[in-house]
Amino acid sequence: MTVAQAPSTLQRILDYSSRADPYPLYAELRGRPVARQEDGGYVVSTYREISTLLHDPHLSSDAHSLEDPGPALAEFGDPPAFIGLDPPRHDRLRRMAMRHFGPPHSPTLIDDMRPDLTAIVTGLIENLAGRDQIDVVDDFAYPFPVTVICHLLGVPREDEPRFHRWVEAIVALLDFDPAKDPQERLREGVQARKDLRHYLAELLRSRRGRPPGDDLLSRLASDEGPDGRMTDEEIVSTANLLLIAGHETTVNLITNGVLTLLRHPEVLERLRREPEMIIRTVEELLRYEPPVHIIPWRAAYSDLTVAGVTIPKGSRITLMLASGNRDPAYFRDPDRFDPDRRDNRHLGFGSGIHLCFGAPLARLETQIALNGLVRHLKNPRLVADPPPYRQSAVLRGPRHLLVRQG
Amino acid sequence: MRVVVDLARCQGYAQCAFLAPDAFRMQGEEALAFHSSPDDAQRDQVLRAAAACPVQAILVETAEPS
Amino acid sequence: MSSEQSLKAFRRDGRIVIVGASLAGLRAAEALRDEGFTGALTLIGDEACEPYDRPPLSKQVLTGWVPADGTALPRRREIGAEWLLGVAASGLDLAGKRVRLADGREIPYDRLLITTGVRARSWPDEAEAALDGVFVVRTRDDSGRLRERLDAGPGRVLVIGAGFAGSEIASVCRERGIPVTVAEVAEAPLVGALGSMIGSIAADLQRAHGVDLRCGVRVTRLEGDGRVRRAHFSDGDAIDAEVVVVALGGVRNTEWLRDSGLAADRWGVACDSGCRAFDINGLVTDDVFVAGDVARCPHPVYEYRFLSLEHWANAVEQAQVAAHNMVSPPTDRWPHLSMPTFWSMQFGVNIKSVGVPVMADEIAVTQGSVEERRFVAAYGYRGRVIAAVSFDNAKWLDHYRQLIETAAPFPPSCPTPDRPADMKPVPADFPDPVVITHGATVLVTGHEPSERRVAFVRPGPLKPQEKRS
């Protein structure tokens, strides 16, 4: 190992000290849209190049396509859920899961959830009434989506303290935390993944004997669609993915939303008068402060060329989604938070065949959550700006967001 | 309300069909059928659907400016 | 006045007339206002209603979901235009800069945009075409009337022509549980647009959905007693049908330009890639522009061949280019270079194409599974990719668009995770277009460069055996 080499822009982005404002470093990255790293990996940071790659059939999501998979193989577990697979396996599993989540088989499931989502938000907000200070994360933005995903999957809400620990350790697998020994982190993450799988497998077994409920786990267990039935392993992998994703992303979107609105009081004021504006505001949030900043790796399945750079087969490719969202070559005035922005084709949910499975639910949750808060918080003020952030550079968001009201 | 979808741009993400199921329907996995003149009662859903389109292929004209 | 000053004056208070008030005409009008044109804007349309969207007419309207008069196009902005609807243009005086209307009025212009589009090709036998129960589908009235007949639950529908529209209509019939026969002169559906390999997949798709598909046959006669009852085929067979839908493609609305001196014929109005119309000698005009289905425009990616595209997106994009060029200085002209993109939905499958498949000599399936009807196939021409088609795989098409634009080699050499076992190219096998071109359409007269000119050969009416699906 060489000593005292200047850290790369990517390393500086991953460093915790950049968490509150990584955007200037993203701008630096965009100076070289497709940049080869010391370790042979590639970092892609501009909108058009990211978008091109996400629609390139030679970009693989399967860790086996990496020449040197390293911990990537552990990230998605084994067998991986569809997020870590390529077509045709990806397409088949995603299609089977979609049967119980959205169109064409379950077209009204998400839209029908609106009254329930509103009721949960109303309940959480009632608990905030009369308090001088709240933590948006712990009191609101975390419990809301967790309640929803538990209900949807059929996971008992009271088990949350158990699986919360596992989820944290699994998410840490995605991180490049220099403070922690990678081997130890890997061990913890792999063990947590085992524990969570075991927990979900037990839950699945307990569903078997009973008449099928309308939760996803039961429905996946009993369904016999045109693509056949998922194996128990596949069901556990799918539930695993949805539980983690439903847990760790929407919390960021909602919290980033509150933070951004408090930093832009004129937008917050408009929202009070025009609740319908929340629809575009959430899209702009997805561009401006997205819940997932980075796709840590994809693999070149064969040699591929982007922006004149040929990336050799087997290379690791890191896609900087949040940087693409601030690319001035694509978005006019990209560092401005502008809910009236037209033609907002952001990368907040990724793009291509892996576009976020839960995107419609996350949108609805965030719209309802933010409109609820905006209506009920009286004269809200940030206690600290910037707030303390979570460790993760990938799933980036505040760890706490203290707000005073009244 | 008037709606048109640029189906040359549409890639079948189905976000609209989730959020406004009475105005946008998937026919099979990828083909999108839409209602060109949905009822005003669906206004909120249709606006949600249009905003959510990842390729911004949906054009909506409402009676009042949105 | 300098040309700069006169352009400024024209942008401020010139007169622009748009003939053809459908998708291309409307979007061009909006784009003209976006560009800052503040002069007088007139839209002329032969239909009495404001611009409406046509693709639903062969789908959502026929299923009964959307009312026939409910597909009016949403506006992108206010256009402050004068609308002359329900009256067709009947002639053009290029020198006098006037459009003649069927009611005798004359409308002066400074600059003209032609967006008169296409109408449905009707059944060639007039008496048979007039039988009750024989339909074409182009206008909302056509679609509304056909939908009423489908509502009544006919015993059998006959669709003549298995191009995209005919196939979509057959799909709606099956969706509604109505028995349907499709008769196609070619060897398979969609062959004219996508070649015989895709055609045979489309044929399987139709038959799997219960369509009585008859290829390689012509309908020789429609029989009826005021109402259509029976149809006779060239193979000697005959069927009873209460409804007959003639889906033999479109005829470009250029007759009104016949004596105008523009290069307008059955293939459309020829123009440069900046949408400026050519006159009959192939000289480009300055004040007449063309866009949409009626335009015939050279595409540099396709050896500068003139393409006539009846594609929704082409109408929108070409309208935008035409509008820009109409109000911009010559130094700021845009070429219309967008890649042709087409879609069709039938039998629950989303079929999309990018590029110009008909030019191809070879085709190869590059991703997915033909058996599952989820795949992408690339078209090759002289060793490069020139088009692609997807069945329920549209998210990859952008990649193929880039392959076309960068003249990538065909067949694509790099494997993908979902490559099929057999990626060997096969002949694209399009029907020979010569059978429908009828030889020469113009004659050259004169000898010296100063006197050489071109004149049209007056085309006769299409005979039934020449009709194209």
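Since we're looking at a predicted model, the values are computed, not measured.

**Let's talk about the overall build of chain B**
Now for step 1: For chain B, the count of helices and strands is 2 helices and 4 strands.
Now for step 2: Helices and strands in chain B line up, N terminus first, as β-α-β-β-α-β.
Now for step 3: For chain B, whose C-alpha radius of gyration is 11 Å, the value lies close to the compact-globule estimate of 11 Å for 66 residues.
Now for step 4: By principal-axis analysis of the C-alpha atoms, chain B measures approximately 30 × 20 × 15 Å.
Now for step 5: Across chain B, every contact between residues at least 6 apart in sequence was considered, and the portion connecting residues at least 24 apart equals 57%.
Now for step 6: Just so you have it, chain B exposes about 2100 Å², and 42% of that area is on carbon and sulfur atoms.
Now for step 7: For chain B, the distance from the average position of its 5 positive side-chain charges to the average position of its 9 negative side-chain charges is 3 Å.

**Describing the overall build of chain C**
Now for step 1: Tallying secondary structure elements over chain C gives 9 helices and 31 strands in all.
Now for step 2: Over its C-alpha atoms chain C spans a radius of gyration of 23 Å, differing by no more than 12% from the 23 Å that the globule rule assigns to 469 residues.
Now for step 3: With the C-alpha coordinates aligned to their principal axes, the bounding extent of chain C is approximately 70 × 60 × 50 Å.
Now for step 4: Relative to all contacts within chain C whose residues are 6 or more apart in sequence, the contacts with residues 24 or more apart total 64%.

**Quick notes on the state of the cysteines**
Now for step 1: Under the defined criterion, the tally for this structure stands at 0 disulfides over all chains.
Now for step 2: Free cysteine C275 of chain C: the closest other cysteine sulfur is in C271 of chain C, separated by 5.4 Å.

**Topic: the interface of chain C and chain B**
Now for step 1: Listed per partner, the contact involves 31 residues of chain C and 30 residues of chain B.
Now for step 2: Taking both sides of the interface into account, the surface hidden between chain C and chain B amounts to around 2500 Å²; carbon and sulfur atoms contribute 55%.
Now for step 3: When the area that chain C buries against chain B is broken down by residue, the three leading residues are W65, P74 and K395 of chain C, summing to 28%.
Now for step 4: In this structure, the connection of chain C to chain B is made through 2 salt bridges.

**Focus: empty space enclosed by the protein**
All names here are of chain B.
Now for step 1: Per the counting criterion, the structure on display carries 11 cavities of 30 Å³ or more.
Now for step 2: In this structure, the second largest cavity spans a volume of roughly 100 Å³.
Now for step 3: If you trace the second largest cavity, you find 15 residues lining it, with C10, Y13, A14, C16 and C53 closest to the centre.

**Here we look at the interface of chain A and chain C**
Now for step 1: Every contact between the two is made by 15 residues of chain A and, on the other side, 14 residues of chain C.
Now for step 2: Three residues, H55, P57 and Y301 of chain A, lead the burial of chain A against chain C; their summed loss comes to 39% of the area buried on that side.
Now for step 3: At the junction of chain A with chain C, the criterion picks out 0 salt bridges.
Now for step 4: The tally of links between chain A and chain C comes to 4 residue pairs in polar contact (both at pLDDT 80 or more).
Now for step 5: Residue composition of the side of chain A that touches chain C, by class: 6 nonpolar, 5 polar and 4 charged.

**A short note on the pairing of strand β24 (residues 341-346) of chain C**
Residue and element names in this part refer to chain C.
Now for step 1: For β24, a buried count of 6 out of 6 residues is recorded, marking the element as mostly surrounded by other parts of the structure.
Now for step 2: Here β24 shows a buried face lined by T341, W343 and M345 and a second buried face lined by F342, S344 and Q346.
Now for step 3: Strand direction decides the pairing type here: β24 and strand β25 (residues 349-355), joined by 6 bridges, are antiparallel. Of the residues in β25, the one forming a bridge with W343 is K352.
Now for step 4: Between β24 and β25, which follow one another and run antiparallel, lie 2 residues, and F347 among them has a positive phi close to 50°.

**Some words on the sheet that holds strand β4 (residues 133-135) of chain A**
Residue and element names in this part refer to chain A.
Now for step 1: What the 3 strands build is an open sheet, ordered β4-β10-β9; its pairing is antiparallel. The open sheet has two edge strands with one neighbour each: β4 and β9 (381-382).
Now for step 2: Of the strand pairs in this sheet, β9 and strand β10 (residues 402-404) are connected by 2 bridges, and their pairing is antiparallel. Its bridge partner lying in β10, L382 is registered against V403.

**Comments concerning the sheet that holds strand β5 (residues 98-101) of chain C**
Residues and elements named next belong to chain C.
Now for step 1: The 3 strands lie next to each other as β4-β5-β6, forming an open sheet whose pairing is antiparallel. Edge positions in the sheet fall to β4 (89-93) and β6 (106-108), since each of these pairs with one other strand and no more. Recorded for the sheet is a direction-independent mean angle of 25° between the axes of neighbouring strands.
Now for step 2: In this structure, β4 lies alongside β5, joined through 4 bridges in antiparallel fashion. Bridge pairing in β5 links G91 to R100.

**Comments concerning the packing of helix α9 (residues 143-153) of chain A against helix α13 (residues 232-248) of chain A**
When two helices pack together, their arrangement is given by the angle between the helix axes and the distance between those axes.
Residue and element names in this part refer to chain A.
Now for step 1: The N-to-C vectors of α9 and α13 enclose an angle of 160°; their axes lie 8 Å apart at closest approach. By the criterion of interaxial angle, the relationship of α9 to α13 is roughly antiparallel. In terms of crossing hand, the pair formed by α9 and α13 is right-handed. Counted together, P145, V146, I149 and L153 of α9 and A239, L242, L243, G246 and H247 of α13 form the full contact between these two elements.
Now for step 2: For the contact of α9 with α13, the per-class residue count stands at 7 nonpolar, 2 polar and no charged.

**Observations concerning the packing of helix α11 (residues 182-208) of chain A against α13 of chain A**
Residues and elements named next belong to chain A.
Now for step 1: Following both chains from N to C, one finds α11 and α13 inclined at 115°, their axes separated by 9 Å at the closest point. Crossing hand, α11 versus α13: right-handed. Judged by residue contacts, R193, L196, R197, L200, A201, L204 and R208 of α11 engage D232, E233, I235, V236, S237, A239, N240, L243 and I244 from α13.

**Concerning the nonpolar core**
Now for step 1: Residues F101 and L196 of chain A together with F24 of chain B are the most contacted members of the largest nonpolar core, which totals 166 residues.
Now for step 2: No other element matches the 9 residues that helix α18 (residues 359-376) of chain A contributes to this core.
Now for step 3: Apart from the residues within four sequence positions on either side, F24 of chain B is in contact with V3, V5, C16, A17, L32, A33, F34, V46, A49 and I58 of chain B together with W65 of chain C.
Now for step 4: By size, the runner-up hydrophobic cluster in this structure holds 73 residues, among which are F135, V137, I169 and A387 of chain C.

**Considering the pattern of salt bridges**
Residue and element names in this part refer to chain A.
Now for step 1: On inspection of all chains with the given rule, the structure shows 62 salt bridges over all chains.
Now for step 2: D343 is the partner of R345 in a salt bridge, and the nearest nitrogen-oxygen pair spans 3.1 Å.
Now for step 3: What makes D343 partly exposed here is its relative accessible area of 34%.

**Digging into the packing of aromatic side chains**
Now for step 1: Under the criterion given, the structure shown has 16 aromatic pairs over all chains.
Now for step 2: With 3.6 Å between their ring centres and 10° between their planes, Y47 of chain A and Y330 of chain A make a pair best called stacked. Here the residue Y47 of chain A occupies a position in helix α3 (residues 47-54), and Y330 of chain A occupies one in the loop between α17 (321-324) and α18, the gap between them amounting to 283 residues.
Now for step 3: Through successive ring pairs, a cluster of aromatic residues spans F82, F101 and F357 of chain A together with F18 of chain B.

**Focus: the confidence of the model for chain C**
Residues and elements named next belong to chain C.
Now for step 1: Of all residues in chain C, 94% have pLDDT values of 70 or greater, and the mean over the chain is 93.
Now for step 2: Note that pLDDT drops below 50 for residues 434-439; the model gives that stretch 7 contacts with residues more than four away or on any other chain.
Now for step 3: For the stretch residues 459-469, pLDDT sits under 50, and the model shows 22 contacts to residues farther than four places along the chain or on other chains.
Now for step 4: Interface scoring of the predicted complex returns ipTM 0.96; its pTM is 0.95.

Quick notes on the rules
- Residues numbered from 1 in each chain as written.
- Chains lettered and ligands numbered in written order.
- Predicted model: local features only at pLDDT ≥ 70, side-chain atom pairs only at ≥ 80, totals over all residues.
- Heavy atoms only, no water.
- Helix = DSSP H or I, 4+ residues; strand = E, 2+ residues; numbered from the N terminus.
- Rg over C-alpha atoms; globule rule 2.2 N^0.38 Å.
- Contact = heavy atoms within 4.5 Å.
- Areas by Shrake-Rupley, 256 points an atom, 1.4 Å probe, with all protein chains shown as cover.
- Lys, Arg positive; Asp, Glu negative; His and termini not counted.
- Charge placed at Lys NZ, Arg CZ, Asp CG, Glu CD.
- Disulfide = S-S within 2.5 Å.
- Buried area = accessible area lost by both parts, 1.4 Å probe.
- Salt bridge = Lys/Arg side-chain N within 4 Å of Asp/Glu carboxyl O.
- 1 Å grid on protein atoms, 1.4 Å probe; cavity = no way out; pocket = protein on both sides within 12 Å on 5 of 7 lines; lining within 4 Å.
- Points joined across faces, edges and corners; volume = space filled by probe spheres on them.
- Polar contact = N/O pair within 3.5 Å; in protein donor to acceptor, adjacent residues only side chain to side chain.
- Nonpolar A, V, L, I, M, F, W, Y, C, P; charged D, E, K, R; others polar.
- Buried < 20%, exposed > 50% of the residue type's maximum accessible area, 1.4 Å probe, protein only.
- Pairing = 2+ DSSP bridges.
- Axes fitted to C-alpha atoms, helices over the stretch in contact; angles between N-to-C directions.
- Parallel < 35°, antiparallel > 145°, perpendicular 65-115°, else oblique.
- Left-handed = near helix turned anticlockwise from the far one by under 90°.
- Core = buried A, V, L, I, M, F, W, Y, C linked by side-chain atoms within 4.5 Å.
- Phe/Tyr/Trp six-rings, centres within 6.5 Å; stacked < 30°, edge-to-face > 60°.
- pLDDT = per-residue confidence, 0-100.

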